[in-house]
Amino acid sequence: MKKWLWVGMIACSFSITGMAQRFYNGFNFYLPPFDSVPSPFLPDFPAKPITAASAIRTSGDGQFFAGNTPIRFWGVNIVAAGAFVAPSLASGVAARMRKFGINLVRFHHLDNPGWSASLGTIFGSNGTRTLNPITVDRIDYLLAQFKRNGIYADMNLHVSRTYQASDGVIYADSLADDFGKIPSIFDPYLQKLEKEYAQQLLGHVNPYTGLSLAQDPVLGMVEILNESSLYGAWKDNALKPYKNGGKLIQRHSRMLDSLWHDFLRNKYQTDANLATAWNQGAVSAGTSNQVRDGGFESGIPSANWYVELHETAAATVSPDRSVKYLGNITARVDVNKVTGTDWHIQFKQAGFSIKKDSTYGLVFSARSDVPRKLNVALMRDNSPYNWYTGASFNLTTQWQTFRLTFKANEDNINNGRISFSFDNQVGKFWFDEIGFGKPEKSGLAAQESLVNRKVKRVDYPERLFYTDQRGNDLAAFYIETQQRYFDEMRRFLLEQLGVKAPITGTNALVGAADILAQKNMDFIDDHSYWDHPQFPGVAWDSNNWLINNESSLGYGMPELSSVIHGLQPADKPFTISEFNHAFPNRFRTEMVPSMAAYAAFHGVDGIMFFDYNGDFDWFTDKVSGYFSIHRDNSVMSLFPSCAYAYRQGLIAPAQRPYLVDFTPDYVYGLQKSDNQGRWGKFAPYDLQLGLTNDVKVRSYQATQVGGLDQLPAAATQTFSTDNQQTTLSTGNRLLITQSPAFVAITGYVDNVVNTKAGPLTLAQADGFAALTWVSTKGDPLATAKRSLITISTKLQNTGMQWQNDHTLNSAFGNAPSLMAPLQAYLRLELPAMDSIRLFPLSATGQASDYTTLKPTRGGIFELAINLETSKTLWYGIEAFGKTTALKETPTNEGLKLQHFPNPVRDRLSIRYELPEAGEVWLSVYDLSGRQLAVWLNTRQSAGKQEFSASVKDLAQGAYFYRLETGGQFAVGKFVVE
């Protein structure tokens, strides 16, 4: 599939012991795939068909608007086959999404190369220049159903298109590594094909709506290029030919070289001007080498170098006098046995020192018995094992010299480490002339010239061996080249196709560089994951993968810090179109309330969990992949409460946003300090600041840098947002959100007793869970008539077999899925209420039996919940007090309530008038206030209505009935003879 962004632990040992093993006495809570039945205890997301008046636009203050109304998006991805829904299922898929609070769907991997056969791709059978009419029709019909349900579409253009020779693409089979996305940024022919595809996808008329998607207001946004960055590819050391360890064919490398020389010629005109600019700050090679016996001439490499082994890995180091480089001896490392985990074998030396904000360089020469990959890392050798930099290099049977640089982000005295690992390859590796210290800095080399067009594009790992201006110019070149591509694609979409929706360029951003490249886009998007599966052998091998299987709460939620990074422009909307804690991570349920809380705090304009479904199967009650959530009931059960809290603004934004200003030159210069790899995220401040404060960029075009010196220091261990509504305790691994109408407690709920979140106190519980409590109408929980408590725990498939704590291999198990049992004791503070009813709800949110509770003292209601007994994750709360008690007279005369006959023997007829269309609930009660039945639970149109109910099951006596709609209610009393 694609190369996903993974945020997690790097090069450290797995530390869980036994926590991932199966739980027992699990119960099934099957959320039906096409459920749209309304419930008085679930937040209501009414169907509001999308019209021209509700088309999406952006505002100058960084928000999305649906027409004239601000809107937030709670969304999901449908991927590949999951996007080509059979027409018979489409209405059910759309209605269920709406019920669970989804109002945006991202169409992803439509252009995949047929992972699920012909009906799993949008392309026809002959190349990628014609579309499959069947799959296009399925998309059209699904979009029509989304439009009826008020669900917008985020349409992706280039994601996984695999070019073929029949498309007219030269060396098409060599572009499959990144689906040709890197060269598409600068190859005019590939850009022509992208425009052609956009015309076919967005320009054809949908027969079910009568509009092209470009003109249809159901199109909420467009993404040009998924997860691709020219600057990021530079950081990944990919912008060179395959034979040199890059990811470009020779033709594209030469094409990029030509554009580079044009850039330099336009900026400097002459070699003299170029030399003057680049030679400033040049420094000769220093004498600060800290490596001991880097040439191995001692003849005893093991005296200063160490082979670190883990588990069953086996390797040795020895002096070699027969394979020479410089001098008489080299070091030979024989890797004899690997474990599937790269860092289980490391050839290393520790003990070097660094000083914060100083630049350092590693130089070494190496070769191997056959072409192999070598991984290099520089990091702290003691806790907390901070990472400085790293890279991968392609070795051959010939000696090569490699260079790697970084700018130190901390002081480290005698605890620095250089380590080489071998990419899980058995074989022989030779090393010589290893040096580490202050690097030389070169400007324009004598043989380089604009005239002969031979000015080198410097590799990212060695950039700090060159002067600042040379590095800044190369950064500017990659950023500006990508910007031209985005600008031209946006112009085509707007002017040629008439697209009306907001447009963005790409995502999985490396930092400020990628946002500067999108300065003319309508909004900014990003991606982040926690515990993305790792593949020690072949990528996406279902029989060989690993996860860390830990909660992110104890690590300060780096997946959130990575994506809510403060780099988003203040004047553009910001979305997160991919976010997930990958299955089978046992703590996956934490991602929903954590994202809702921090996205609301930072004013994020859209969230799209990855993914909802990527398969044709909508029914089987099991989670069968790493990312799918539509059948993960531990995740989906939290959607109604968290979507409502996020979309309705129940969680307050930051009280004091910090605004910073960047100049383009400052962004170009960030490469000097950025030691992150392609999938890292770099900002010029601690990213954990986002756990307490909101930072945004006022301008990327400022005349001077400003605001950075005003930023507060990042907190440690306990992080509280400046509005005091969300607090993360990394020590307790607990996240708490509290607002008047929504509260949540997430994490190791057995860690702390009497955990308080607003009017909710979790007195005691066992295990790991996410608990939310939301008012179904958005009014304060303390006075809400109805509210919903959700308690979600761990999920496993039946028969799911852990091989160890970190993998299932292919033993994902079968249906049905099971939820872990949990017992919780809650206290609710409802001072205005005389009593409450606790309704264990069905998987469609329906109430039947209930328990009536009286306050134990001063408005405190105590609840004991046992999931194993109740077998549900949803609990409806109906509260009764002075403001909500049943009355014989209507509380709203506008409903014009009437009933007859009275007394009644057979059927009772009830007439009423609805001021507007909406959901209607009609329930019957005895004189003690106990609900006996729900007579009516449906959506009705405005105007006069009549309902008839049988009373044959009611004993003689007096009863109440209660009619509720749109927050209004009326009560009538009748007598059964």
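Just above, that's the structure.
Residues numbered from 1 in each chain as written. Predicted model: local features only at pLDDT ≥ 70, side-chain atom pairs only at ≥ 80, totals over all residues. Heavy atoms only, no water.

Asks: What should I look at first to understand the nonpolar core in this one?
Replies: Generally speaking, nonpolar side chains in soluble globular proteins are found buried as a group. Counting residues in each nonpolar core, the largest one holds 223 residues, and the members touching the most others are Trp-74, Phe-107, Leu-493 and Phe-639. Among the elements that take part in this core, helix H8 (residues 468–496) stands out by supplying 11 residues, more than any other. Residue contacts for Phe-107: discarding those within four places in its chain leaves Ile-78, Ala-83, Ile-139, Leu-142, Leu-143, Phe-146, Ala-153, Asp-154, Met-155 and Asn-156. Val-307, Val-376, Leu-395 and Ile-418 belong to the second largest nonpolar core, which has 36 residues in total. (Core = buried A, V, L, I, M, F, W, Y, C linked by side-chain atoms within 4.5 Å. Buried < 20%, exposed > 50% of the residue type's maximum accessible area, 1.4 Å probe, protein only. Helix = DSSP H or I, 4+ residues; strand = E, 2+ residues; numbered from the N terminus. Contact = heavy atoms within 4.5 Å.)

Asks: Would you explain the environment of Thr-798 in this entry?
Replies: Tracing the backbone through its elements, the reader meets Thr-798 in strand S34 (residues 795–798). Spatially, the C-alpha atoms of Thr-798 and Gly-26 are 9.3 Å apart, while their sequence positions differ by 772 residues. With residues near it in sequence (within four places) discarded, Thr-798 still touches Gly-813, Asn-814, Ala-815, Pro-816 and Leu-818. Engagement of the side chain of Thr-798 in a polar contact is seen with the backbone oxygen of Pro-816, the distance being 2.5 Å. (Polar contact = N/O pair within 3.5 Å; in protein donor to acceptor, adjacent residues only side chain to side chain.)

Asks: Where do I start with the packing of aromatic side chains in this structure?
Replies: For the structure shown, the criterion picks out 65 aromatic pairs. For the ring pair Phe-422 and Phe-429, a centre distance of 4.6 Å and an interplane angle of 50° mean the geometry is tilted. Aromatic ring contacts, followed pair by pair, group Phe-296, Trp-305, Phe-347, Phe-364, Phe-393, Phe-402, Phe-420, Phe-422, Phe-429 and Phe-431 into a single cluster. The side chain of Arg-403 reaches across the aromatic face of Phe-465, ending 4.3 Å from its centre. (Phe/Tyr/Trp six-rings, centres within 6.5 Å; stacked < 30°, edge-to-face > 60°. Lys NZ or Arg CZ within 6 Å of the ring centre and 35° of its normal.)

Asks: Sorry, what's going on with the pairing of strand S24 (residues 658–661) here?
Replies: Within a regular strand, side chains alternate between the sheet's two faces. Where S24 and strand S25 (residues 695–699) come together, four bridges link them in parallel fashion. Counterpart to Leu-659 in the pairing with S25 is Lys-696. Once you follow S24 into helix H14 (residues 664–669) and on to S25, the crossover reads as right-handed. (Pairing = 2+ DSSP bridges. Right-handed = clockwise from strand over helix to strand, strands pointing away.)

Asks: When you look at the sheet that holds strand S16 (residues 387–395) in this model, what are you seeing that I'm missing?
Replies: Within a sheet, neighbouring strands are paired by backbone hydrogen bonds and run either parallel or antiparallel to one another. A sheet is described by the order of its strands in space; here five strands give the open sequence S10-S13-S18-S15-S16, paired in antiparallel fashion. Looking at the sheet topology across the chains shown, the edges are occupied by strand S10 (306–309) and S16. Each strand of the sheet is rotated relative to its neighbour by a mean of 25°, with strand direction disregarded. Note that strand S15 (residues 372–380) and strand S18 (residues 412–421) share six bridges and pair antiparallel. Each bridged residue has a counterpart across the sheet, and for Arg-380 the counterpart in S18 is Gly-416. (Axes fitted to C-alpha atoms, helices over the stretch in contact; angles between N-to-C directions.)

Asks: For this particular structure, what's the right way to read the pattern of salt bridges?
Replies: What the rule picks out here adds up to 45 salt bridges. For Glu-196, the salt bridge is made with Arg-129, and the minimal N-O distance between the two is 2.7 Å. Taken together, the positions of Glu-196 in helix H4 (residues 188–203) and Arg-129 in the loop between strand S5 (104–108) and helix H2 (133–148) put the pair 67 residues apart, joining distant regions of the chain. The residue Asp-522 makes a salt bridge to Arg-490 at a minimum N-O spacing of 2.8 Å. Residue Asp-522 is located in the loop between helix H9 (512–516) and strand S21 (524–530), and its partner Arg-490 is located in helix H8; the two are separated by 32 residues in the primary sequence. Residue class for Arg-490 comes out partly exposed when judged on its relative accessible area of 23%. Taken together, the shared-partner salt bridges in this structure form one network comprising Lys-785, Arg-786, Arg-837, Glu-878, Arg-962 and Glu-964. (Salt bridge = Lys/Arg side-chain N within 4 Å of Asp/Glu carboxyl O.)

Asks: Explain the pairing of S15 here, please?
Replies: Burial analysis of S15 places eight of its nine residues in the buried class, which makes it a mostly covered element. Summarising the sheet, S15 and S16 pair through eight bridges and their orientation is antiparallel. Within S16, the position partnered with Met-379 by the bridge is Trp-387.

Asks: Would you mind showing me how to read the side chain of Asn-112 here?
Replies: With respect to the helices and strands, the residue Asn-112 is situated in the loop between S5 and H2. In contact with Asn-112, not counting residues within four places along its chain, are Ala-80, Gly-120, Thr-121, Phe-123 and Ser-160.

Asks: Would you mind going over helix H6 (residues 250–268) with me for this structure?
Replies: Look at H6: 27 Å from first C-alpha to last across 19 residues, which is about the 27 Å you get at 1.5 Å a residue. Those residues of H6 that sit buried are His-252, Ser-253, Met-255, Leu-256, Trp-260, His-261, Phe-263, Leu-264 and Tyr-268. Structurally, H6 contributes buried residues whose contacts are with helix H3 (181–184), H4, helix H5 (230–235), helix H7 (271–278) and H8. Once H6 ends, the next one or two residues include Gln-269, with phi positive near 65°. (Expected span 1.5 Å × (residues − 1).)

Asks: I would appreciate a short explanation of the environment of Ile-877 in the present structure.
Replies: Along the chain, the position of Ile-877 falls in strand S40 (residues 874–881). On the basis of relative accessible area, Ile-877 is assigned to the buried category, the value being 2%. In this structure the C-alpha to C-alpha distance between Ile-877 and Asn-266, which are 611 residues apart in sequence, comes to 69 Å. With near-sequence residues (within four places) excluded, Ile-877 lies in contact with Phe-41, Trp-773, Lys-785, Arg-786, Ser-787, Ile-789, Leu-828, Ile-836, Arg-837, Leu-838 and Leu-863.

Asks: Is there a simple way to explain the sheet that holds strand S33 (residues 786–792) in this structure?
Replies: One open sheet holds the nine strands; their spatial order is S26-S27-S28-S29-S32-S33-S40-S37-S38, and the pairing between them is antiparallel. The outermost strands of the open sheet, each flanked by one partner alone, are strand S26 (718–720) and strand S38 (851–853). The average angle at which neighbouring strand axes cross in this sheet is 15°, direction not considered. As paired elements, strand S27 (residues 726–729) and strand S28 (residues 734–738) share four bridges and run antiparallel to each other. For Thr-726, the partnering residue across the bridge sits in S28 and is Thr-737. Most of the contacts of helix H13 (residues 639–647) go to strand S32 (residues 768–775), to which it runs at about 55°, and overall it touches strand S29 (742–748), S32, S33 and S40.

Asks: I keep staring at the side chain of Glu-550 and nothing clicks. Help me out?
Replies: Note that Glu-550 resides in the loop between S21 and helix H10 (558–563). Although buried, Glu-550 forms no salt bridge, and the nearest oppositely charged side chain, Arg-733, lies 5.5 Å from it. Looking at Glu-550, its side chain comes within polar contact range of the side chain of Tyr-555, at 3.1 Å. (Lys, Arg positive; Asp, Glu negative; His and termini not counted.)

Asks: Whenever I open this one, the packing of H6 against H8 confuses me. Can you help?
Replies: The N-to-C vectors of H6 and H8 enclose an angle of 115°; their axes lie 11 Å apart at closest approach. The orientation of H6 relative to H8 falls into the category roughly perpendicular. Relative to H8, the crossing made by H6 is right-handed. In contact with Leu-256, Leu-259, Trp-260, Phe-263, Lys-267 and Tyr-268 of H6, H8 contributes Gln-469, Asp-473, Leu-474, Ala-476, Phe-477, Tyr-478 and Glu-480. The class makeup of the residues in the contact of H6 with H8 is nine nonpolar, one polar and three charged. (Parallel < 35°, antiparallel > 145°, perpendicular 65-115°, else oblique. Left-handed = near helix turned anticlockwise from the far one by under 90°. Nonpolar A, V, L, I, M, F, W, Y, C, P; charged D, E, K, R; others polar.)

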